[in-house]
Amino acid sequence: MLIPFEGDLQPDEDYEGLRMAEAAFDEAAAGGCHFLGCSFVRTSFGGGRLRKSRFTDVSLREVRFVATDLAETGWQDTSLDGCALAGVQAFSAALRRVRFRGGKLDSVNFRGAVLSDVSFEDCVLREVDFGSATLLRVSFAGCTLTGADFTKAACTEVDLRGATLGITAGWESLRGVTIDRVQLVTLAPYLARHLGITVAD
């Protein structure tokens, strides 16, 4: 059973087996922490610094991250259900076996991040930056991508099937992704323009 947590988060601390519910950690200075086997429920992080923190075997449900520094964080065996991330810095983060489900990601910076065995399910991704990121076995089933940037991203076994695609940059980085036939028809004009192909009847 998880132990209810009360109080403020402190930097460079280990938090294990705790339940953090209905809490607001606004402007938290908690960089370098390790959250192990914890649960976050209807918790908010407004601003704040969690840089280089690690989340291992953690469950997050209806958690809000707004303008939060999550750069260089590590996420493993973690699920985020119904979570919202807006204006978040997550560059150079490492995500392994992480699932986002039913959430919203708005202006999230994943530049230079490494995502392995990550699934986005029924999420809305708006202006998300995957520039120079490494994506390995990443899927986007049922997602809507608007203004997504894949510039210089390295994609391996990335599955975009079932997603509504609004990609604005990084067409050359889509080598190695899987799309369905409907998506191909939608993307064809953009791919042709990127490749300098003129289509005329």
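Preceding this paragraph is the structure being described.
Residues numbered from 1 in each chain as written. Predicted model: local features only at pLDDT ≥ 70, side-chain atom pairs only at ≥ 80, totals over all residues. Heavy atoms only, no water.

1. What about the sheet that holds strand S9 (residues 64-66)?
Taken in spatial order, the six strands of this open sheet run S6-S9-S11-S13-S15-S17, and their pairing is parallel. At either margin of the open sheet sits one strand with a lone partner, and together these are strand S6 (44-46) and strand S17 (144-146). Sheet twist, expressed as the mean angle between neighbouring strand axes with direction ignored, is 5°. Sheet topology note: the strand S15 (residues 124-126)/S17 ladder contains three bridges and is parallel. Across the sheet, Val124 pairs through a bridge with Thr144, a residue of S17. (Pairing = 2+ DSSP bridges. Helix = DSSP H or I, 4+ residues; strand = E, 2+ residues; numbered from the N terminus. Axes fitted to C-alpha atoms, helices over the stretch in contact; angles between N-to-C directions.)

2. Concerning the environment of Asp159
In this structure, Asp159 sits in strand S20 (residues 158-159). Spatially, the C-alpha atom of Asp159 lies 6.2 Å from that of Val138, the residues being 21 residues apart in sequence. The residues touching Asp159, leaving out its near neighbours within four places in the chain, are Val138, Ser139, Phe140 and Thr178. Among the polar contacts listed, one links the side chain of Asp159 to the side chain of Arg161, at a separation of 2.7 Å. (Contact = heavy atoms within 4.5 Å. Polar contact = N/O pair within 3.5 Å; in protein donor to acceptor, adjacent residues only side chain to side chain.)

What is shown is where atoms sit, not what they do.
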